[in-house]
Amino acid sequence: MNQRIALIGNPNTGKTSLFNRLTGSFAHVGNWAGVTIEQKIGQLHGKVGQLIDLPGVYDLDPLSADEAIVSRFLLHEPFDGMINIVDASQLERNLQLTLQLLEMGRPLQIGLNMVDVAESRGMHVHLDKLKTLLQVDVFPITARTGDGCDFLLSSIQIEKRQPFELNYGPETEEAITRILRLIGRSRTDRWIAIQYLAGNRIVVDHLEASSPEIVAVRKELETAIGRFAHAHITERRRDWAKQIRYQVIENQNVQDVTMTDRIDAVV
Ligand code: GDP
Ligand code: K
Ligand code: MG
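Residues numbered from 1 in each chain as written. Chains lettered and ligands numbered in written order. Predicted model: local features only at pLDDT ≥ 70, side-chain atom pairs only at ≥ 80, totals over all residues. Heavy atoms only, no water.

Side note on the environment of Ser71
Following the sequence through the fold, Ser71 ends up in helix H2 (residues 65-76). Residue class for Ser71 comes out buried when judged on its relative accessible area of 3%. Measuring from C-alpha to C-alpha, the distance between Ser71 and Val125 comes to 29 Å, with 54 residues separating the pair along the chain. For Ser71, the contacting residues outside a window of four places in its chain are Leu60, Pro62, Asn200 and Ile202. (Helix = DSSP H or I, 4+ residues; strand = E, 2+ residues; numbered from the N terminus. Buried < 20%, exposed > 50% of the residue type's maximum accessible area, 1.4 Å probe, protein only. Contact = heavy atoms within 4.5 Å.)

Some remarks on the pattern of salt bridges
Summed over all chains, the structure comprises 12 salt bridges. Between Arg4 and Glu77 there is a salt bridge, and its shortest N-O distance comes to 3.7 Å. Pair noted here: Arg4 is in strand S1 (residues 3-9) and Glu77 is in the loop between H2 and strand S5 (81-87), with a separation of 73 residues, a long-range link. With its nearest N and O atoms 2.6 Å apart, the salt bridge here joins Glu165 to Arg187. Taken together, the positions of Glu165 in the loop between helix H6 (149-154) and helix H7 (170-182) and Arg187 in the loop between H7 and helix H8 (190-197) put the pair 22 residues apart, joining distant regions of the chain. (Salt bridge = Lys/Arg side-chain N within 4 Å of Asp/Glu carboxyl O.)

Comments concerning the confidence of the model for the protein chain
Of all residues in the protein chain, 91% have pLDDT values of 70 or greater, and the mean over the chain is 90. Here the predicted complex scores 0.93 on pTM and 0.96 on ipTM. (pLDDT = per-residue confidence, 0-100.)

Brief notes about the site of ligand 1
Around ligand 1, a shell composed of 14 residues is seen, among which Asn12, Lys15, Thr16, Ser17 and Asp116 lie nearest. Within the side chain of Lys15, a nitrogen or oxygen atom sits 2.7 Å from an oxygen atom of ligand 1. Taking Thr16, its main chain carries an N or O atom lying 2.8 Å from an oxygen atom of ligand 1. Isolated, ligand 1 exposes 580 Å² of accessible area, and the fraction of that covered by the protein chains is 80%. Secondary-structure elements contributing two or more residues to the shell around ligand 1 are helix H1 (15-22) and helix H4 (115-120). (Near = heavy atom within 4 Å. Polar contact = N/O pair within 3.5 Å; in protein donor to acceptor, adjacent residues only side chain to side chain. Areas by Shrake-Rupley, 256 points an atom, 1.4 Å probe, with all protein chains shown as cover.)

Laid out in structure tokens, this is it:
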């Protein structure tokens, strides 16, 4: 079977470096429908399968053209699995996207990149703890040198996975259940209700067109919690990412790499 694997992660986490390590010559370079951003698809080395290099994003909420491409891809394009590349030196920021991918419940593996940068700052990531907390396979890699990339390649799998369930609090959980009932979806699709409440434009437009009643559910939730649903979801994601980082990094005195540190580290 010709597997289609999507490569997803924050900008500047090493996606293109990993893409070049895992694939041979380009199978295809084209444009995403309606936008002029390059689409890169490569044949996976030694496998009947393709890797799709998606634009780097921090979130699935399509505020930027890149996020719209990724969001549309995940909602509308056929694919068999995902590799989420995560920057080990910026876990708190990266994991906020990872959570959204975990919630989808599609086959997923994490390539933990920039391990060299993290280690050089004295940050040691407890891989086993991270795997247990995220309930997904995590492969440490250094995309720049190729370390760990072959093992990641040989471990690509498209097994079914249970969606990760983060609890958003009683009022939000009730709203999620009501939304799923209104749109006729099961609990495994709860990520759609979460993306709706998070204000993902593509999901909002799609769901409100077919089930206008869900607006009232969101408004009731906002009255109950005294704030916008999207603000609540975003904060909950950030708190979760902070907690995971706290639990998996050994030396708590070391801070995550900042954007300025990153520029210094890669040049
Ligand atoms: P993308 O924006 O996610 O596609 O990231 P790139 O592959 O373009 O990488 C961004 C920068 O990080 C480049 O300068 C890479 O050489 C560098 N880089 C990629 N992987 C690693 C790594 O594992 N360690 C270090 N130190 N740098 C890396
Ligand atoms: K780049
Ligand atoms: Mg790139």
